[in-house]
Amino acid sequence: MIHQLYFMRTQLLAILLLFSLIISCKNTATVVPQKSTSGYQGQGASPIVPTVNRPVQKQWKGIWSMDNQTYFSNDFDGARLNGVAEDGNDHYTIWITAENTPINVSPWYSFKVWTGKPREITIKLSYQDSRSRYYPKISSDGIHFKVLDSTNYKVINPGEGEFGIKAAPEFAEITLTIGNEPVWISAQELYTSKRVQEWVDSLSVKPFITNYEIGKSHENRAIQLMEIKEYPSTKKALMIISRQHPPEVTGFLVMKSFMETISSDTEQAKTFREKFDIFAVPLMNPDGVDNGHWRHNMGGIDLNRDWENFNQPETRSVRDFLNKKNEEGYEFVFGADFHSTWDDIYYPIDSTVIGQKGKIVYDWIESISTRLPQKRTNIATSDKIKPTMVSRNYFYVHHGMPAIVFELGDNTPRDFLKEKGKVAAEEIMRLLLEKE
């Protein structure tokens, strides 16, 4: 009896050991970094919504002239200001409304203020069916912005929690000393289509970088593509896009640093360009950006819901470009769509869906986290890839591309954003070169 029990116990241990090995082997197919249990946990699954054109109300552009020689203006690209009320005692209330509704709560604002009688004023920010998401940035030239001093910022009706629109205050007040020269007040730094093109042109002085139009927006603005191609024979490529949503400047800033690093003169970048091309659309939604939209394009649609039906010209432009490159024999080895939200977070396709092909995405996340431990980015995976609807899913389903939505926090420090873009570029170059 004792021998029989011993034999049964030995058999059970052997079975458990075999099962453990099988599970271990399965788990090594895609190494998933540990999901953080603190910090921003991401938004839920995106609902399926129609993407046929919806009406958009364009804001009136001009100057509001107050009785005491104070002036407000939205007469510039990227501006958003829908109304001003003079409350007395140098206090003003401004009204910010969306281009249409329903809409994600991303209440973008940007305006200028000046006066013929230099003094201190207070401005209350109020919104249509929203709360005060973006902390004000100020500028004296509309190009160089800095964060408003906290002593000049007051929240009204604070929110609850740490992240999300419920955590934001209902209103905010800012106090400024103004004079004859305009002061810009903006939700985030202004990167209009003109300024983005100036950056693209500055990189395009390098002989291996070109930029060209791949389509037109609703208002006939160019959908501009930047191509990094140093060797004619290369047929492996990365696809990078940014700014599907107009206010998401922090995502653009990381993408900007990412592209600058890959196009740099480091030995790693030079070696990488021998084997890989990079295609990028830095500004997917030029109409929304220049019109100061909260979220949508001039078709009144969230572009990152249109990667299934392609009802919008901006998404069609990228689709047609990718199909053309596939016909030319390109293999797309990595794709990234840069966005902004409440805090830094990655949205990869779940490892149970993407398997070994997506391992590079998870290795990339882990390597960035290892190099930048001071701010470990959260991860929210998705196992829903159809309907494709969002860019990441379309890239993978139709082009076999390991892809990710890379979101950066609205208030992430700008020097850290630049470093994160640099590290992200260095790590994807390293990982792809190791696979060669």
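Residues numbered from 1 in each chain as written. Predicted model: local features only at pLDDT ≥ 70, side-chain atom pairs only at ≥ 80, totals over all residues. Heavy atoms only, no water.

Read from one edge of the open sheet, eight strands run β12-β13-β15-β14-β16-β19-β17-β18, paired in mixed fashion. At either end of the open sheet lies a strand with only one pairing partner, and these are β12 (209–216) and β18 (378–379). In this sheet, strand β15 (residues 277–281) lies alongside strand β14 (residues 236–242) in parallel orientation, the contact comprising five bridges. Of the residues in β15, the one forming a bridge with leucine 238 is isoleucine 278. With respect to the sheet, helix α3 (residues 249–262) is in contact with β13 (222–228), β14, β15, β16 (331–341) and β19 (403–409), its orientation differing from that of β16 by roughly 145 degrees. Helix α8 (residues 359–371) contacts β16, β17 (345–348), β18 and β19 of the sheet and is inclined by roughly 170 degrees relative to β17. (Pairing = 2+ DSSP bridges. Helix = DSSP H or I, 4+ residues; strand = E, 2+ residues; numbered from the N terminus. Contact = heavy atoms within 4.5 Å. Axes fitted to C-alpha atoms, helices over the stretch in contact; angles between N-to-C directions.)

Moving on: the environment of threonine 93. Residue placement: threonine 93 occurs in strand β4 (residues 91–96). Sequence spacing of threonine 93 and isoleucine 278 is 185 residues, and the spatial spacing of their C-alpha atoms is 46 Å. Excluding residues that lie within four positions of it along the chain, threonine 93 makes contacts with Gly83, Val84, Ala85, Asp87, Lys124 and Ser126. In terms of polar contacts, threonine 93 uses its side chain to reach the side chain of aspartate 87, at 2.7 Å. (Polar contact = N/O pair within 3.5 Å; in protein donor to acceptor, adjacent residues only side chain to side chain.)

This brings us to the sheet that holds strand β11 (residues 183–186). Reading across the sheet, the six strands line up as β1-β2-β5-β11-β7-β8 and stay open at both edges, with antiparallel pairing between neighbours. The sheet terminates laterally at β1 (63–65) and β8 (145–147), the two strands that pair on one side only. On average, each strand axis in the sheet is tilted by 25 degrees relative to the strand beside it, whichever way the strands run. In terms of strand pairing, strand β2 (residues 70–73) meets strand β5 (residues 110–115) through four bridges, oriented antiparallel. Paired with threonine 70 across the strands is threonine 115, a residue of β5.

With that settled, the discussion passes to α8. A rise of 1.5 Å per residue sets the reference length of α8, with its 13 residues, at 18 Å; its end C-alpha atoms lie 18 Å apart and thus fit the reference within 8%. Within α8 the residues assigned to the buried category are Ile360, Val361, Tyr362, Trp364, Ile365, Ser367, Ile368 and Ser369. (Expected span 1.5 Å × (residues − 1). Buried < 20%, exposed > 50% of the residue type's maximum accessible area, 1.4 Å probe, protein only.)

Before going further, it helps to spend a moment on the pairing of β12. Examined bridge by bridge, β12 and β13 share seven bridges and lie antiparallel to one another. Paired with glycine 215 across the strands is isoleucine 223, a residue of β13. Hairpin remark: β12 followed by β13, antiparallel, with five residues in the connecting loop; positive phi at asparagine 220, about 70 degrees.

Moving on, we come to the confidence of the model for the protein chain. Summing up the model confidence of the protein chain, the mean pLDDT is 92 and the portion of residues at 70 or higher is 91%. Taken together, the stretch residues 1–31 has pLDDT below 50 and engages in twelve contacts with residues farther than four places along the chain or on a different chain. (pLDDT = per-residue confidence, 0-100.)

Take the side chain of threonine 70 next. Looking at the element boundaries, threonine 70 is found in strand β2. Not counting the four nearest positions on each side in its chain, threonine 70 is found in contact with Trp64, Ser65, Tyr92, Val113, Trp114, Thr115, Arg119 and Ile178.

A separate point is the packing of α8 against helix α10 (residues 414–435). Two numbers describe how α8 lies on α10: the axes approach to 9 Å, and their chain directions differ by 135 degrees. By the angle class used here, α8 and α10 are oblique. Note on packing geometry: the crossing formed by α8 with α10 is right-handed. In contact with Ile360, Asp363, Trp364, Ser367, Ile368 and Arg371 of α8, α10 contributes Lys420, Val423, Ala424, Glu426, Glu427, Ile428, Arg430, Leu431, Leu432 and Lys435. (Parallel < 35°, antiparallel > 145°, perpendicular 65-115°, else oblique. Left-handed = near helix turned anticlockwise from the far one by under 90°.)

Along the chain, alanine 45 turns up in the loop between α1 (2–27) and β1. Owing to a relative accessible area of 78%, alanine 45 belongs among the exposed residues under this scheme. The sequence separation of alanine 45 and lysine 384 amounts to 339 residues, and the corresponding C-alpha distance is 8.6 Å.

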